[in-house]
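Analysis of the macromolecular model
So the chains spell out like this:
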Amino acid sequence: GQNIDQPTEMTATEGAIVQINCTYQTSGFNGLFWYQQHAGEAPTFLSYNVLDGLEEKGRFSSFLSRSKGYSYLLLKELQMKDSASYLCAVRDPFEGGGNKLTFGTGTQLKVEL
Amino acid sequence: DSGVTQTPKHLITATGQRVTLRCSPRSGDLSVYWYQQSLDQGLQFLIQYYNGEERAKGNILERFSAQQFPDLHSELNLSSLELGDSALYFCASSVEGQGSYEQYFGPGTRLTVT
């Protein structure tokens, strides 16, 4: 089966650093994505990891350990606009060559003054 | 703006009815995905099409069907609608290859079944 776990909610202070963890157990693995979603809006792509290690992109970094089934998203210099839901998703190969994304339920991040 | 368009933005209909949701992928993207997002279920994968062919299927109900046309736009058909089908329906597209697998989401169609 597919299982992706993330904390439901987190709160952090403007200007601080926050780490959002994701653990997964999936039947297949072709990479892990992080998406940001503001309420009522479309998810927007943040990062993609397929190999172990850290990928850095501006204020956002994402880490993957395939052996541990673990990833985290690191947000630095938090801004109020970073208040959103952060979705971890595993790309899972499908018979016939397709892929599907299995999403976690998301971590609702609240940034406070 | 992701470059993926979806119509309509909002749809209100009655139980038992049938609706069609439309999606146009980003220019150059061959792959289209459909997702359902309801409050209690999170984002659920429904189906993937690649260049007109079905490639992957998730927990899509038999009352739902989709297709991708030669111009690569896609339609999701929902029939015999039930109250529980009320949700946000997202379409996403990707290049799906050449090391680029990220999916870009459209703004979604909010379906309300009354």
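Residues numbered from 1 in each chain as written. Chains lettered and ligands numbered in written order. Predicted model: local features only at pLDDT ≥ 70, side-chain atom pairs only at ≥ 80, totals over all residues. Heavy atoms only, no water.

With that settled, consider the sheet that holds strand β8 (residues 74-78) of chain B. Residue and element names in this part refer to chain B. Taken in spatial order, the four strands of this open sheet run β1-β3-β8-β7, and their pairing is antiparallel. Each end of this open sheet is capped by a strand with a single partner; those strands are β1 (5-7) and β7 (64-68). Averaged over all adjacent pairs, the angle separating strand axes in this sheet is 15°, with direction ignored. (Pairing = 2+ DSSP bridges. Helix = DSSP H or I, 4+ residues; strand = E, 2+ residues; numbered from the N terminus. Axes fitted to C-alpha atoms, helices over the stretch in contact; angles between N-to-C directions.)

Attention shifts here to unusual backbone geometry. Residue and element names in this part refer to chain B. At the junction of Thr-7 and Pro-8, the peptide bond is cis and its omega measures out at -10° in the coordinates. Assignment of secondary structure puts Pro-8 in the loop between β1 and β2 (10-13). Non-glycine residue Asn-51 carries a positive phi angle of around 50°. Its place among the elements puts Asn-51 in the loop between β5 (42-50) and β6 (53-57).

Before going further, it helps to spend a moment on the sheet that holds strand β6 (residues 53-57) of chain A. Residues and elements named next belong to chain A. The strand order across the open sheet built from five strands is β1-β3-β8-β7-β6, with neighbouring strands paired in antiparallel fashion. Across the chains shown, the open sheet's two edge strands, defined by having one partner strand only, are β1 (3-5) and β6. For this sheet, the mean angle separating the axes of adjacent strands, direction not counted, is 15°. Here six bridges tie strand β3 (residues 18-25) to strand β8 (residues 70-75), and the two strands are oriented antiparallel to one another.

The subject of this paragraph is the pairing of β6(A). Residue and element names in this part refer to chain A. Bridging between β6 and strand β7 (residues 60-65) involves five bridges; their strand directions are antiparallel. What sits directly across from Lys-57, in β7, is Phe-60. Where β6 folds back on β7, the antiparallel hairpin that results is connected by two residues, among which Gly-58 adopts a positive phi of roughly 65°.

This next bit is on the interface of chain B and chain A. With 20 residues of chain B in contact, the opposing surface of chain A contributes 20 residues. For the pair chain B and chain A, the summed buried surface comes to about 1,600 Å²; carbon and sulfur atoms form 59% of the total. For chain B, the biggest contributors to the area lost against chain A are B:Leu43, B:Arg55 and B:Tyr101; these three give 29% of the whole. Between chain B and chain A we count two residue pairs in polar contact (both at pLDDT 80 or more) in total. Considering only residue class, the side of chain B that touches chain A consists of eleven nonpolar, four polar and five charged. (Contact = heavy atoms within 4.5 Å. Buried area = accessible area lost by both parts, 1.4 Å probe. Polar contact = N/O pair within 3.5 Å; in protein donor to acceptor, adjacent residues only side chain to side chain. Nonpolar A, V, L, I, M, F, W, Y, C, P; charged D, E, K, R; others polar.)

For the rest of this paragraph, the subject is the pattern of salt bridges. Two side chains bearing opposite charge may form a pair once their charged atoms approach each other closely. One pass over the full model with this rule turns up eight salt bridges over all chains. In this structure, the salt-bridge partner of A:Arg59 is A:Asp82, at a minimum N-O distance of 2.8 Å. A residue pair is termed long-range when its members are at least 10 positions apart, and A:Arg59 in the loop between β6 and β7 and A:Asp82 in the loop between β8 and β9 (84-93) qualify at 23 residues. Where salt bridges share partners, they join B:Arg63, B:Glu82 and B:Asp85 into one cluster. (Salt bridge = Lys/Arg side-chain N within 4 Å of Asp/Glu carboxyl O.)

All right, on to the state of the cysteines then. All chains considered together, the criterion is met by two disulfides over all chains. Here A:Cys22 is linked by a disulfide to A:Cys88, with a sulfur-sulfur distance of 2.0 Å. On the sign convention where negative means left-handed, the S-S torsion of about -65° between A:Cys22 and A:Cys88 marks this disulfide as left-handed. One end of the pair, A:Cys22, is in strand β3; the other, A:Cys88, is in strand β9, and 66 residues separate them in sequence. For the pair A:Cys22 and A:Cys88, a shared accessibility class is recorded, and that class is buried. Disulfide pairing places B:Cys23 opposite B:Cys91 at an S-S distance of 1.7 Å. Residues B:Cys23 and B:Cys91 are joined through a disulfide that is left-handed, its torsion about the S-S bond being -40°. Taken as a pair, B:Cys23 in strand β3 (residues 19-24) and B:Cys91 in strand β9 (residues 87-94) lie far apart in primary sequence, 68 residues in all. (Disulfide = S-S within 2.5 Å. Buried < 20%, exposed > 50% of the residue type's maximum accessible area, 1.4 Å probe, protein only.)

Residues and elements named next belong to chain A. Counting through the fold element by element, Ser-71 comes out in strand β8. On the accessibility criterion, Ser-71 (0% relative accessible area) is buried. Looking at Ser-71, its side chain comes within polar contact range of the main-chain oxygen of Phe-63, at 2.7 Å. Apart from the residues within four sequence positions on either side, Ser-71 is in contact with Ile-20, Asn-21, Cys-22, Leu-32, Trp-34, Phe-63 and Leu-64.

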